[in-house]
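# Structural description and commentary
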Amino acid sequence: MLTNRSGGTGVIGMNTVLTKPANGYTVLYGAENPQLYPIMGLADFTYADMTPVNVIGQGLVVIAAPTDKDWEDFGDLLEDAQANPGSLRMGAPAPVVCPTPCWR
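No experiment lies behind these values; they were computed from the predicted model shown.

There is a patch of nonpolar side chains on the surface, built from Val-61, Ile-63 and Phe-74 and spanning about 350 Å² of accessible area. When you line up the elements, Phe-74 lands in helix α3 (residues 74-83).

Written as structure tokens, this is what we have:
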């Protein structure tokens, strides 16, 4: 049976799987988020606490910006974000959890 446990950028689902017996009947279908949990203060576990079975796919991260920005590369974007705290807005295809402030 498939059970979707959403929330916490996957922390809830992964915690559910980690607390089940390691008998092969419970598996996690997840993304790259667990590697960030300790950094973001969301959890103290990562994929290192599990046994990998297979990598189903890998995605590319694309950062796109409006054409009216003067940024030539990612370094320019970071400089602008650091010089103007709180002015950068972003969108993502899923909820983004970010420590406050996101840009330090």
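What follows is about helix α1 (residues 11-18). Buried within α1 are the following residues: Val-11, Gly-13, Met-14 and Val-17. On an axial view of α1, the arc spanned by its buried residues comes to 165°, and they lie on one face. Buried residues along α1 sit in contact with α2 (37-40).

The next point concerns the nonpolar core. Formed by Val-11, Met-14, Tyr-37, Ala-43 and Phe-45, the largest nonpolar core amounts to five residues. Residue contacts for Tyr-37: discarding those within four places in its chain leaves Gly-8, Thr-9, Gly-10, Val-11, Met-14, Leu-42, Ala-43 and Phe-45.

Let us now look at a negative patch on the surface. Taken together, the side chains of Asp-68, Asp-70, Glu-72, Asp-73 and Glu-79 make up a negatively charged region of the molecular surface. Mapped onto the secondary structure, Asp-73 falls in the loop between α2 and α3.

Each value, and the rule that gives it
- Residues numbered from 1 in each chain as written.
- Predicted model: local features only at pLDDT ≥ 70, side-chain atom pairs only at ≥ 80, totals over all residues.
- Heavy atoms only, no water.
- Patch = residues over 30% accessible without salt bridge, like charges linked within 9 Å, V, L, I, M, F, W, Y side chains within 5 Å.
- Areas by Shrake-Rupley, 256 points an atom, 1.4 Å probe, with all protein chains shown as cover.
- Salt bridge = Lys/Arg side-chain N within 4 Å of Asp/Glu carboxyl O.
- Helix = DSSP H or I, 4+ residues; strand = E, 2+ residues; numbered from the N terminus.
- Buried < 20%, exposed > 50% of the residue type's maximum accessible area, 1.4 Å probe, protein only.
- Arc of directions from axis to C-beta.
- Contact = heavy atoms within 4.5 Å.
- Core = buried A, V, L, I, M, F, W, Y, C linked by side-chain atoms within 4.5 Å.
- Lys, Arg positive; Asp, Glu negative; His and termini not counted.
- Charge placed at Lys NZ, Arg CZ, Asp CG, Glu CD.

Don't take any of this as a statement about function, it's just geometry.
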